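# Breakdown of the fold
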Amino acid sequence: MKLSTRLTTTLSALLLAGLTATATGCAPSTSDNRGDGTDRKTGTLRVWLFQEVNNKPKAAIVDKAVKAFTARHEGVKVDVRYIPVESRAERMKAAFNDPASAPDLVEYGNTDTAGYVRDGGLADVTEEFDAWDEAKDTDGTARASVTVDGKVYGAPLFVGVRALYYRTDVFDDLGLKPPRTLKEVADTARRIRAERPDLYGLAVGGAYTYGAMPFVWAHGGDIATERDGKFRAAVDSPASRAGITAYTDLFGKDNCPASRCARMGGNDTVEAFAAGKAGMAIAGDFSRQAVEAGGVKGKYAVVPLPGVRSGEIAPAFAGGNNLGVLRSTSHRTLAVELMRELAGKQTQRELFEAMGFLPTFDDVREEVAADEPFVEPFVRTLQAGARFVPATPAWGQIDAGQVLPTMFQEIASGRKDVDTASADAAHRMNDTFTKTAS
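Here is a short report on the structure shown in this document. Here the structure is a predicted model, which means the values were calculated and not measured.

Let's shift gears to the overall build of the protein chain. When helices and strands are tallied, the protein chain shows 21 helices and 13 strands. On C-alpha atoms alone, the protein chain measures out to a radius of gyration of 22 Å, which is about the 22 Å that the 2.2 N^0.38 rule sets for 438 residues. Expressed along its principal axes, the backbone C-alpha trace of the protein chain runs to roughly 70 × 50 × 35 Å. In the protein chain, buried positions account for 58% of the 438 residues. In the protein chain, the share of contacts with a sequence separation of at least 24, taken over all contacts with a separation of at least 6, comes to 80%. Approximately 17600 Å² of the protein chain is accessible, and the part contributed by carbon and sulfur atoms is 48%. Each charge class in the protein chain can be summarised by its mean position, and for the 53 positive and 58 negative side chains these summaries are 4 Å apart.

To continue, consider the packing of helix α11 (residues 238-248) against helix α21 (residues 418-437). Running from N to C, α11 and α21 point in directions that differ by 120°, and their axes come no closer than 10 Å. By the angle between their directions, the pair α11 and α21 is classed as oblique. Here α11 runs over α21; the crossing is right-handed. The residues of α21 that touch α11, namely those facing Arg-241, Ile-244, Thr-245 and Thr-248, are Val-418, Asp-419, Ser-422 and Ala-423. Here the contact of α11 with α21 is built from residues that sort into three nonpolar, three polar and two charged.

Time to look at the state of the cysteines. By the definition in use, this model includes one disulfide. At a sulfur-sulfur separation of 2.0 Å, the disulfide partner of Cys-256 is Cys-261. Taking the sign of the S-S torsion, -85° for the link of Cys-256 and Cys-261, the bridge is left-handed. The pair Cys-256 / Cys-261 is uniform in exposure class, with both members buried.

On to the packing of α11 against helix α20 (residues 403-412), then. Here α11 crosses α20 at 60°, and the two axes come no closer than 10 Å. Relative to α20, the element α11 lies oblique. Remark: the crossing between α11 and α20 carries right-handed chirality. The residues of α20 that touch α11, namely those facing Ile-244, Tyr-247 and Thr-248, are Met-407, Phe-408 and Ile-411. For the contact of α11 with α20, the residue count by class is five nonpolar, one polar and no charged.

Once that is clear, we can look at the sheet that holds strand β6 (residues 155-160). Sheet strands pair by backbone hydrogen bonding; their relative direction is either parallel or antiparallel. Strands sit in the order β2-β1-β3-β13-β6 across an open sheet of five strands; the sheet is mixed. Edge strands, defined here as strands with exactly one partner in the open sheet, are β2 (76-83) and β6. Each adjacent strand pair in this sheet contributes to an overall mean axis angle of 20°, direction not counted. In terms of strand pairing, strand β3 (residues 105-109) meets strand β13 (residues 319-325) through five bridges, oriented antiparallel. Following the sheet pairing, Gly-109 is matched in β13 by Asn-321.

Those residues of helix α17 (residues 362-371) lying buried are Val-364, Arg-365, Val-368 and Ala-369. Down the axis of α17, the smallest arc covering the buried residues is 135°, so these residues share one side. Buried residues in α17 make contact with β6, α16 (345-355) and α18 (376-385).

In this section: the pairing of strand β1 (residues 43-50). Counting buried positions along β1 yields six of eight residues, so the element is predominantly enclosed. Where β1 and β2 come together, eight bridges link them in parallel fashion. Bridge pairing links Leu-45 to Val-78 in β2. The sheet contact formed by β1 and β3 spans two bridges and is parallel. In the strand pairing of β3, Val-47 is matched with Leu-105.

The phi torsion of most residues other than glycine is negative, and most of the peptide bonds are trans. A positive phi angle is found at Asp-149, which is not glycine, with a value near 50°. The residue Asp-149 is located in the loop between β4 (147-148) and β5 (151-152) in this model. Among the residues examined, Asp-149 registers a relative accessible area of 69% and is labelled exposed. One non-glycine residue, Gln-402, lies in positive phi territory at about 55°. As for its placement among the helices and strands, Gln-402 is situated in the loop between α19 (394-400) and α20.

Pairing within the open sheet is mixed, and its four strands lie in the order β8-β11-β7-β12. Sheet topology places β8 (200-203) and β12 (300-303) at the edges, where each strand pairs with a single neighbour. Here the strands of the sheet are splayed against their neighbours by 20° on average, with no regard to which way each runs. For strand β7 (residues 162-167) and strand β11 (residues 278-284), the ladder comprises five bridges, and the chain directions are antiparallel. Following the sheet pairing, Leu-164 is matched in β11 by Ile-282. On the sheet, α18 packs against β7, β11 and β12 and is oriented at approximately 145° with respect to β7.

Here is what the cut-offs are and how they apply
- Residues numbered from 1 in each chain as written.
- Predicted model: local features only at pLDDT ≥ 70, side-chain atom pairs only at ≥ 80, totals over all residues.
- Heavy atoms only, no water.
- Helix = DSSP H or I, 4+ residues; strand = E, 2+ residues; numbered from the N terminus.
- Rg over C-alpha atoms; globule rule 2.2 N^0.38 Å.
- Buried < 20%, exposed > 50% of the residue type's maximum accessible area, 1.4 Å probe, protein only.
- Contact = heavy atoms within 4.5 Å.
- Areas by Shrake-Rupley, 256 points an atom, 1.4 Å probe, with all protein chains shown as cover.
- Lys, Arg positive; Asp, Glu negative; His and termini not counted.
- Charge placed at Lys NZ, Arg CZ, Asp CG, Glu CD.
- Axes fitted to C-alpha atoms, helices over the stretch in contact; angles between N-to-C directions.
- Parallel < 35°, antiparallel > 145°, perpendicular 65-115°, else oblique.
- Left-handed = near helix turned anticlockwise from the far one by under 90°.
- Nonpolar A, V, L, I, M, F, W, Y, C, P; charged D, E, K, R; others polar.
- Disulfide = S-S within 2.5 Å.
- Pairing = 2+ DSSP bridges.
- Arc of directions from axis to C-beta.

Encoded structure:
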């Protein structure tokens, strides 16, 4: 298998990427999707999936899945429309408010689950999901990404995680070995910076939430905790502060100067590594295309980001996309079956082949990892236990409000110490949790 045909998505495309099929165009069209309580077994199923940078390989795969589905259902057609990722919020809001123009099946980013459930847009498919034979092999984090208050609202489509990229040429020149703990990551970064001042040791970003959170989780901290259905911020706990300190200590002249790095996000750190400006970077399986296109092609390797103790793997955020059935559908049974077809093992295998999307099934991931060595560190990271954001609609507001990036940037720039910045961030988060719950 050729990596150049597999791993062809950018960071933004993968985190919010999806499936396409035989139909063309993006504009919503009206159907008989009126949510009148019927469950029609014929007619047209409407599907909204995210527009890809490169749709052709995926279109062929999904076309195959759609043809298999319609071959089993006489009198059924499938109309798949591509929607731009950047317009998804407006389109989904319109769909929830107007069942007549809404799709039956939709792709959505996994951090949107709780918000869409709150808005009443997604159907509870717990019974159908549990009855699906393949569902038993879905990894726990992927299942959590479609679960709210114990109920399932879709099927995981793919997952993406981050690991530690490092420059093999730089490590060889300096006699370095891949770090085995987070402390060794920091020590190695400073060694690189000291001996190669033209490089960042480890490219870090003050606006890189999902690059920073593994440090927090590895130290036993968390974003928030839940009790009796209510969330409360945990970024100001002693364990979280230890992780925040470990990450923000990497901003400085001895590694990644705050004047340059405090404003950097995830894409910036990947670009710095790809351009040969850093000895290490925390990047995703979905980042390989960008790295391969840069000046370090053929001069890097990947290992799981280590934890606090040797032999541990720091928990990573499990990003990705899901497929969900809308509550307004008049074709519930058909929509659920099509969801299974598009998110099933065979389709996920083929999507990995074409696009590099990591499967959400444990057994399928093991198969692709055995065939493709590059994937192995990311699979090990998932197997070690990935983490997810708080399953509450409040998270969308917290994320949009840049609460955590602001905290990291305030510390990295020296405007606030860890205790003050984390306390302020926790206060903002708790205000949002309270308002959203009321």
